[in-house]
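Observations on the three-dimensional arrangement
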Amino acid sequence: MTDPTRVTKRKRNGNTNNASQPKQKKQQTQPAQSVQLTQQPEAYYGNQTGGKPEPFGKPLFHAEKRQQLCETLDWYRAYQSGAYTNEGIAYGILCDKEVGERDYFGDQVIITRVGGGKEADKQTGKMVQVTSQTDSRFAKAFLKSKQIVKPIGVIAGQGNHGCPTALPHYYCPLDWFHATDVWCENYNGLSRWMVRLEKINLDEKSWWSAKATPHTPPDFNTHKAEVKECPKCKKESKVIYKQGWTCLNADPVAEKLGVREKTTCTGFFKFGSDVNDKTLEYTEQYLLERTNFKELRDPSGLEVHTGPLKPRLPTMEDVETLGNFGFEEKCKRGVVCPLCGCCSRRVEWGRWICESSTSNGHFEYSLPARIITADESTANGNDIPRSLRTDPGEMHKDVVDDIIDRLELDPPEHEFGYKIYRYGIPDETPVKTPDETPDETAVEMPKETSDGKPGAIIGYVYHLKPNANINQQPEGADGLFEDLQRTDLGLKRNPSRHNKGVNEVLTAHWATNWGAPYKYRVAQESRPFKDAPSVIISAITQLSSAGKKSVALGGEAFGSFNEFNEMLSVGYFEGSHMGWHDDGEKTLGPTVASMSLGCSSVMQWRPKAKAKICGKTKANNKKQEKVPVLKILLEHGDIMIMHGAKIQQLYEHEVKPCGKLRFALTCRYIDPTTLSGEERAYAEKAGELP
Ligand SMILES: O=C(O)CCC(=O)C(=O)O
Ligand SMILES: [Fe+2]
C-alpha cells in the first residue's frame, strides 16, 4: 500500500495580510510575499532568561512563534519591527533580543529604543544601527501615543537578557503601559530614539517581577526627576542620567507634531569633558518616578478602561456583525486557547485547534458554518480594484501591458460555452544598439505576435469566461462552489518558509494536494484521486477538457497537452492571497489550468527579476522586482490556463481575491517518468482518476 498522506513540496512563499482592526498599513505587516525575512541563526532566538529567578506570576497568555502572536493580537501585528504602530499611533512593542546599551527592564518601568536605522550584521545576523534617526516614524507614533495618553501593550521575548526573571514561553505579553517620555539620544555618534514606558496598573504586583521583590503601592509624589531649563534653547529636559544633565531637545519630529517649536538645540546631548557618554546610567529618581495614568487620561479621576490585553474568542454574534459569512478577516485571525493560553493560528480551514503540544486538554473551536451561494459571494464585499471594474452587462476590461498580445478568439461564444481571451506571453529579447553590439541590459519587446508563431512568444495564457447559463448547469460552477463548502477537503495552511522556530510562517491560503505529488517548496500532503470527493473529480475532468480544447487554439507549438493528474485545491478567506510564485517544477507538463469559484480575484503576472523582459522595475526596489505585465479579473466560474513551460521559467504570478470566500482548483500534469521508482509508482497510482 502506498502512503496516502505522503509529504510533497511546493514552491510558494506564504504570507498573511492581517487587517481589520485597527486598520493596517502595508509596510508594517508581515513582510511582502517575496521578501524573505533576514535569515538569522536559530541560536539568536535562544532563551536568554533561562538562569534568572522565577517570576512571581505567569503571563495571561503566550506564543512560541511570531506569526501566532501577530495573527492573534489586534494591538501587536509587527512582523519585522519591535514596535507596532498604525496610522501614526503606537499600539504595542516587543522587547526581545535587540537589547540596547541603555535599555532598562524593571517591574514597572521599561526603557527601550524605538526602531529604525538598523541593518543585519552580515556575520552575526544581529541588527546594528547604521544610520542616525533624527526623524523616525516610530518616535512620532510614540510621541503621539504619549500625547493622547494611549495604553501600549508590551511583550517580552525570551531573547531579552535584560528581563528580570525567567520567561516561561518565548513571547510573553507583560501588561498595558503608557509612554511617559520619548526622547532622542546619541550613541556612537548616531542619534536614536528612546521611550520610557510605565505600567498602568501599579496597584498589583507585576507577574514578571521576582518572587522575592516586595510590591509597594504607587506613590506619585516622593520620587520626581528634576527638570532643568536649557540656557540655549530655553526648553526643559529631565535629569535622567546620573553622570549629569543634558539638553534632550533634538526635535524635528516633535516640531512636526507641534509638540515643540524649534529644531535641535546646539546644546543637545552635550556633557562636560569628564563624562563618558558611552557609560551613562539612569538616576534613581528617574526610574522610581511614577505618573498617575488615570489623572492624565481623565482628570476627573473616573475609572479608565484599558481594554482586554488578551483577546476573547470570536462568537456567532461577531460573525453576524461582520457580514454573516464566517470567512471574514476576523474569522481567519488566531485565538488564545482557553485551556493553555497559547496563541493559535487558524491552521485548518474549518476550525481552530490549540497549537501547543503541551496543552493538557486539546482545545478545538469552530463557528457554525452556513452554505454561501455563488451569488452571495460575488455580490457581497467584492472589493474589485477600480481598474478592473465593469459597467453592468459589459465584459470586464482586462488591464494588459501593451507588450502582451491579446486576442478575443472566434467564434465569440465558443462551442464549449466559454468566451476565450488568449494572451501571447513574450520571450526574452536582447536589444541591438545602433552599432549592432548586443546590449545586455536593455530589452525590446516583440511587436507582432498575434500570428501565433513561436519565437517571439513563449506560450499563452487563456482566460475562459462562461456564457450566461453554464454556471447553473449540473456540475456547473454554482453547484461546485456549494459542494466545496459542504465537503471536508482537509484544507490546511502549510509552512512556506522558516519552517521551524519562532519565525515559522504559514501560507496565507489553505490548500490540499490531490493526485500525483507536486514537489515544491511548500510542504504539502498529497491524497490519491481515488479518495477524492466527487467535486474534485468533476473539476479535474472539466479542466482537462477545457485545457485540451484551449491548447488546440494555437498552443500546440509550445508543447502538447497531457491529461492532468494533479490538483491543488485552495481556499481563501477575506484578505487571504497567494503571493508571487511560479508553477515550474521540472517534472511538470507545459499546461496549468485553474477554475475560480466564489468571489472575484485579480491574477497578475510579472517577469522574474532575472528575466530580460520588460525593463520596468518597481521604483526603489532592492530586489529588482518588475512591474506586472498582465492582470486579469477572475470571476466565479472563470477558467485560466497557462500553456508553455517557459512562462513558469521567466514569469511569476500572484492571486488576490477581492471578497470573502473563494476557491481555486488548479490542475497540472506531473510526468511520472521524471520520478524515481517508489515515487513514480505512487504518482502513477495516486494520479489515476477513478
Ligand atoms: O488561486 C488561483 O487562482 C491560482 C492559484 C495558483 O496560482 C496555484 O495554485 O499555483
Ligand atoms: Fe500558481
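Placed above this text is the structure.
What you see is a predicted model, and the numbers here were worked out from it, not measured in a lab.

1. Let's talk about the overall build of the protein chain
Per the secondary structure count, the protein chain includes 11 helices and 34 strands. In the protein chain, buried positions account for 54% of the 690 residues. Here the contacts in the protein chain between residues at least 6 apart in sequence split such that 72% fall between residues at least 24 apart. For the protein chain, the accessible surface area stands at approximately 30,200 Å², while carbon and sulfur atoms represent 50% of it.

2. Some thoughts on the environment of glycine 162
Following the sequence through the fold, glycine 162 ends up in the loop between strand E8 (152-157) and strand E9 (171-187). Its relative accessible area of 30% is what places glycine 162 among the partly exposed residues. For the pair formed by glycine 162 and glutamine 48, sequence separation is 114 residues and the distance between their alpha carbons is 8.5 Å. If near-sequence neighbours (up to four positions away) are discounted, glycine 162 is found in contact with Lys52 and Phe105.

3. Description of the coordination of the iron ion (ligand 2)
Around the iron ion (ligand 2), the protein contributes the donor atoms His581 (NE2), Asp583 (OD), Asp583 (OD) and His653 (NE2), which lie 2.1 to 2.8 Å from the metal centre. Coordination at the iron ion (ligand 2) is irregular: its six donor atoms span angles of 50 to 173° at the metal. Sequence positions of the residues that donate to the iron ion (ligand 2) give the spacing H-x1-D-x69-H. Each member of the pair, histidine 581 as well as aspartate 583, carries the same accessibility label: buried.

4. Thoughts on the sheet that holds strand E3 (residues 89-95)
Strands sit in the order E2-E3-E8-E9-E10-E5-E4 across an open sheet of seven strands; the sheet is mixed. This sheet does not close on itself; its edge strands, each paired only once, are strand E2 (83-86) and strand E4 (104-105). Bridging between E2 and E3 involves four bridges; their strand directions are antiparallel. Looking at E3, one finds that threonine 85 is bridged to alanine 90.

5. Side note on helix H11 (residues 677-686)
Of all the positions in H11, only Tyr682, Ala683 and Ala686 are classed as buried. Seen from one end, H11 has its buried residues packed into an arc of 100°, which puts them on one side. Exposed positions of H11 whose direction lies more than 90 degrees from the buried face are Gly677 and Lys685.

6. Thoughts on the sheet that holds strand E31 (residues 630-634)
An order of E17-E31-E30-E33-E28 is seen for the five strands of this open sheet, with the pairing classed as antiparallel. The strands lining the two open edges of the sheet, one partner per strand, are strand E17 (399-400) and strand E28 (578-581). Summarising the sheet, strand E30 (residues 601-607) and E31 pair through five bridges and their orientation is antiparallel. Paired with serine 601 across the strands is leucine 634, a residue of E31.

7. Some details on the packing of helix H8 (residues 477-486) against helix H9 (residues 534-551)
Orientation of H8 relative to H9, taken along the N-to-C sense of each, is 145°, at an axis distance of 10 Å. Considering how the two elements wind past one another, H8 and H9 form a crossing that is left-handed. Residue-level inspection shows Leu480, Asp483 and Leu484 of H8 in contact with H9, the latter providing Val535, Ile536, Ser538 and Gln542. Counted by class, the contact of H8 with H9 contains four nonpolar, two polar and one charged residues.

8. Concerning unusual backbone geometry
Although it is not a glycine, lysine 234 sits at a positive phi angle of roughly 65°. For lysine 234, the position within the fold is in the loop between strand E11 (227-229) and strand E12 (236-238). Judged by its relative accessible area of 51%, lysine 234 is exposed. Located in the positive-phi region is phenylalanine 269, a residue other than glycine, with phi close to 55°. For phenylalanine 269, a relative accessible area of 6% corresponds to the buried category.

9. Focus: the state of the cysteines
The tally for this structure, following the rule as stated, stands at zero disulfides. Cysteine cysteine 247 remains unbridged, with the sulfur of cysteine 233 as its closest cysteine sulfur at 3.7 Å. Residue classification places cysteine 247 among the buried residues on the basis of a relative accessible area of 1%. Between cysteine 343, a cysteine without a disulfide, and cysteine 342, which holds the nearest cysteine sulfur, the sulfur-to-sulfur distance is 7.1 Å.

10. Here's the deal with the environment of valine 627
Mapped onto the elements, valine 627 comes out in the loop between E30 and E31. Residue class for valine 627 comes out partly exposed when judged on its relative accessible area of 30%. For the pair valine 627 and glutamine 604, spaced 23 residues apart in the sequence, the C-alpha separation amounts to 9.9 Å. Residue contacts for valine 627: discarding those within four places in its chain leaves Arg606, Pro607, Lys616, Thr617 and Lys618.

11. As for the packing of aromatic side chains
How two aromatic rings sit relative to each other is given by the distance of their centres and the angle of their planes. If you walk through the whole model with that rule in mind, you get 25 aromatic pairs. Connected via pairs of aromatic rings, a cluster forms that spans Trp183, Tyr241, Phe268, Phe269, Phe271, Tyr282 and Tyr286. Its guanidinium or amino end placed over the ring of phenylalanine 56, lysine 205 lies 4.9 Å from that ring's centre, counting from NZ or CZ. Here arginine 606 stacks its cationic end above the ring of tryptophan 580, 4.0 Å away from the centre of that ring.

12. Looking at H9
Helical geometry: 3.6 residues make up each α-helical turn, so side chains three or four residues apart lie on a common side. If you check H9, its first and last C-alpha atoms are 26 Å apart, about what 18 residues at 1.5 Å a residue would give, namely 26 Å. The complete set of buried residues in H9 reads Val535, Ile536, Ile537, Ser538, Ala539, Ile540, Leu543, Ser544, Ala546, Gly547, Ser550 and Val551.

13. Observations regarding the pattern of salt bridges
Per the counting criterion, the structure on display carries 36 salt bridges. For arginine 333, the salt bridge goes to aspartate 74, with nearest N and O atoms at 3.6 Å. Taken together, the residues arginine 333 in the loop between helix H6 (316-322) and strand E13 (335-336) and aspartate 74 in the loop between helix H1 (66-72) and E2 connect sequence positions 259 residues apart. Measuring nitrogen to oxygen at the nearest pair gives 2.9 Å for the salt bridge that ties glutamate 652 to arginine 606. Note that glutamate 652 is positioned in strand E33 (residues 651-657) and arginine 606 in strand E30, a separation of 46 residues in sequence.

Calculation rules
- Residues numbered from 1 in each chain as written.
- Chains lettered and ligands numbered in written order.
- Predicted model: local features only at pLDDT ≥ 70, side-chain atom pairs only at ≥ 80, totals over all residues.
- Heavy atoms only, no water.
- Helix = DSSP H or I, 4+ residues; strand = E, 2+ residues; numbered from the N terminus.
- Buried < 20%, exposed > 50% of the residue type's maximum accessible area, 1.4 Å probe, protein only.
- Contact = heavy atoms within 4.5 Å.
- Areas by Shrake-Rupley, 256 points an atom, 1.4 Å probe, with all protein chains shown as cover.
- Donors = N, O, S within 2.8 Å, 3.2 Å for Na, K, Ca; no water.
- Tetrahedral: all angles 85-135°; square planar, octahedral: opposite > 155°, others 65-115°.
- Pairing = 2+ DSSP bridges.
- Arc of directions from axis to C-beta.
- Axes fitted to C-alpha atoms, helices over the stretch in contact; angles between N-to-C directions.
- Left-handed = near helix turned anticlockwise from the far one by under 90°.
- Nonpolar A, V, L, I, M, F, W, Y, C, P; charged D, E, K, R; others polar.
- Disulfide = S-S within 2.5 Å.
- Phe/Tyr/Trp six-rings, centres within 6.5 Å; stacked < 30°, edge-to-face > 60°.
- Lys NZ or Arg CZ within 6 Å of the ring centre and 35° of its normal.
- Expected span 1.5 Å × (residues − 1).
- Salt bridge = Lys/Arg side-chain N within 4 Å of Asp/Glu carboxyl O.

Distances and angles like these do not, on their own, reveal function.
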